[in-house]
Amino acid sequence: MKRDTTSIAVVCFGVTAVAGLMLAGLFSTGVSLAQDNAAAASAIFMDHECQGCHSIQVAKVELDVGDLEPDEIDEDAPDLSGVGLEHEQDWIKLYLKKKVKYEGEKHEKKFRGTDEEFETLTSWLSTLKTEPK
Ligand code: HEC
C-alpha cells in the first residue's frame with residue numbers, strides 16, 4: 001500500500017514536471033517568436049523607407065531621411081509608438097494600400113513589398129500601444 005502511494009506520487013510529480021517544462025518551452029517560444037517578429041517587422045519598416053516620415057520611439061526607430069528626396073519626406077507624419085491604440089491590423093492594411101482614407105486623406109505612400117512582409121509589418125504595428133511622448 002505504502003509503495004503504491006509513493007509510486008503515484010512519483011508519477012504525479014513526473015507528469016507535473018513534464019507539463020511544466022512543456023509550458024515553459026511554449027511560453028519562451030512565444031516570447032522569442034514575438035521578438036523575432038518585431039525585429040523582422042522593424043527591418044521591413046526601415047527597408048520600405050517608412051522612417052523617412054515616421055519614427056517609432058517605443059521600438060527605437062528614429063526618423064531617418066537618408067538620401068530621400070524632399071518630396072518623399074513629411075515632417076508632420078506621426079510617431080507610430082501608439083498606432084495600435086487607435087487602429088487594428090485590418091484597417092492599417094487597407095490604409096497602407098490606399099483603400100481607406102484617414103481624416104479625409106489617403107496615406108501618402110502605398111506599401112509595395114511582398115504579402116508576407118505586409119503581414120509581418122502590419123501585425124506588428126497593430127501591437128504598438130504606447131502613447132507617444
Ligand atoms: C511621405 C511620408 C510618409 C511615408 C514615407 C510613410 N508615411 Fe505613414 N503617414 C504619413 C502621414 C503624413 C500620416 C498621417 C496622415 C494623417 O494624419 O492624416 C501617416 C500615417 C500613417 C499611419 C496611421 C497613423 C495614425 O496614427 O493614424 C500608419 C499606420 C502609417 N502611416 C504607416 C506607414 C508605414 C508602415 C510606412 C512605410 C511603408 C509609411 N507610413 C510611410 C506619411 C508617410
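These numbers come from a predicted model, not from an experiment.

Now for the packing of helix α3 (residues 89-96) against helix α4 (residues 115-125). Look at α3 against α4: their axes get within 9 Å of each other, and the N-to-C directions meet at 125 degrees. One element, α3, and the other, α4, form an angle in the oblique class. Two packed elements cross with a definite hand, and for α3 against α4 that hand is right-handed. From α3, Gln89, Ile92, Lys93 and Leu96 reach across to α4, where they touch Phe118, Glu119, Thr122, Ser123 and Leu125. Class assignment for the residues of the contact of α3 with α4 results in 4 nonpolar, 3 polar and 2 charged.

Estimates place the volume of the largest pocket at around 1000 Å³. Of all the elements in the fold, those that place two or more residues in the lining of the largest pocket are α2 (83-86), α3 and α4. Counted by class, the lining of the largest pocket contains 19 nonpolar, 5 polar and 15 charged residues.

On to the site of the ligand. Neighbouring the ligand are 22 residues, the closest being Cys50, Cys53, His54, His87 and His107. Side-chain polar atom of His54 to a nitrogen atom of the ligand: 2.7 Å apart, as the coordinates give it. At 2.9 Å, a side-chain N or O of His87 approaches an oxygen atom of the ligand. A majority-of-atoms criterion places the ligand in the largest pocket. Those elements that place two or more of their residues in the shell around the ligand are α3 and α4. Of the residues in the shell around the ligand, the class split is 13 nonpolar, 3 polar and 6 charged.

In this structure, Phe45, Ile56, Leu96, Leu121, Trp124 and Leu125 are the most contacted members of the largest nonpolar core, which totals 17 residues. The contact partners of Leu121, leaving out residues within four places of it in the chain, are Ala41, Ile44, Phe45 and Phe111.

We now examine the pattern of salt bridges. Counted by the stated rule, this structure contains 2 salt bridges. Among the salt bridges present, the one from Glu49 reaches Lys109, with a minimum N-O distance of 3.9 Å. Taken together, the residues Glu49 in the loop between α1 (2-47) and α2 and Lys109 in the loop between α3 and α4 connect sequence positions 60 residues apart.

Here the focus is a positive patch on the surface. A surface patch of like charges, here positive, comprises Lys99, Lys101, Lys106, Lys110 and Arg112. With a relative accessible area of 35%, Lys110 lands in the partly exposed category.

Checked against the element boundaries, Ser123 lands in helix α4. On the basis of relative accessibility, which here comes to 22%, the residue Ser123 falls in the partly exposed class. Leave out the neighbours within four places in its chain, and Ser123 touches Asn37 and Gln89.

With that out of the way, let us pick up the packing of aromatic side chains. Using the criterion set out here, one finds 4 aromatic pairs in the structure. Between Tyr95 and Tyr102, the aromatic rings sit 6.0 Å apart at their centres with planes inclined by 75 degrees, giving edge-to-face as the arrangement. Taking the relative accessible area as the measure of exposure, Tyr102 reaches 26% and is therefore partly exposed. Summarising the aromatic geometry, the rings of Phe111 and Phe118 are spaced 5.0 Å apart at their centres and angled 20 degrees between planes, so their arrangement reads as stacked. Judged by relative accessible area, Phe111 falls into the buried class, the value being 7%. On the basis of relative accessibility, which here comes to 7%, the residue Phe118 falls in the buried class. An aromatic cluster of three or more residues is present, and its members are Trp91, Tyr95 and Tyr102. Geometry around Phe118 places Lys97 over its ring, the cationic atom sitting 4.7 Å from the centre.

Procedures and definitions
- Residues numbered from 1 in each chain as written.
- Predicted model: local features only at pLDDT ≥ 70, side-chain atom pairs only at ≥ 80, totals over all residues.
- Heavy atoms only, no water.
- Axes fitted to C-alpha atoms, helices over the stretch in contact; angles between N-to-C directions.
- Helix = DSSP H or I, 4+ residues; strand = E, 2+ residues; numbered from the N terminus.
- Parallel < 35°, antiparallel > 145°, perpendicular 65-115°, else oblique.
- Left-handed = near helix turned anticlockwise from the far one by under 90°.
- Contact = heavy atoms within 4.5 Å.
- Nonpolar A, V, L, I, M, F, W, Y, C, P; charged D, E, K, R; others polar.
- 1 Å grid on protein atoms, 1.4 Å probe; cavity = no way out; pocket = protein on both sides within 12 Å on 5 of 7 lines; lining within 4 Å.
- Points joined across faces, edges and corners; volume = space filled by probe spheres on them.
- Near = heavy atom within 4 Å.
- Polar contact = N/O pair within 3.5 Å; in protein donor to acceptor, adjacent residues only side chain to side chain.
- Sits in = over half its atoms within 2 Å of the grid points.
- Core = buried A, V, L, I, M, F, W, Y, C linked by side-chain atoms within 4.5 Å.
- Buried < 20%, exposed > 50% of the residue type's maximum accessible area, 1.4 Å probe, protein only.
- Salt bridge = Lys/Arg side-chain N within 4 Å of Asp/Glu carboxyl O.
- Patch = residues over 30% accessible without salt bridge, like charges linked within 9 Å, V, L, I, M, F, W, Y side chains within 5 Å.
- Areas by Shrake-Rupley, 256 points an atom, 1.4 Å probe, with all protein chains shown as cover.
- Lys, Arg positive; Asp, Glu negative; His and termini not counted.
- Charge placed at Lys NZ, Arg CZ, Asp CG, Glu CD.
- Phe/Tyr/Trp six-rings, centres within 6.5 Å; stacked < 30°, edge-to-face > 60°.
- Lys NZ or Arg CZ within 6 Å of the ring centre and 35° of its normal.

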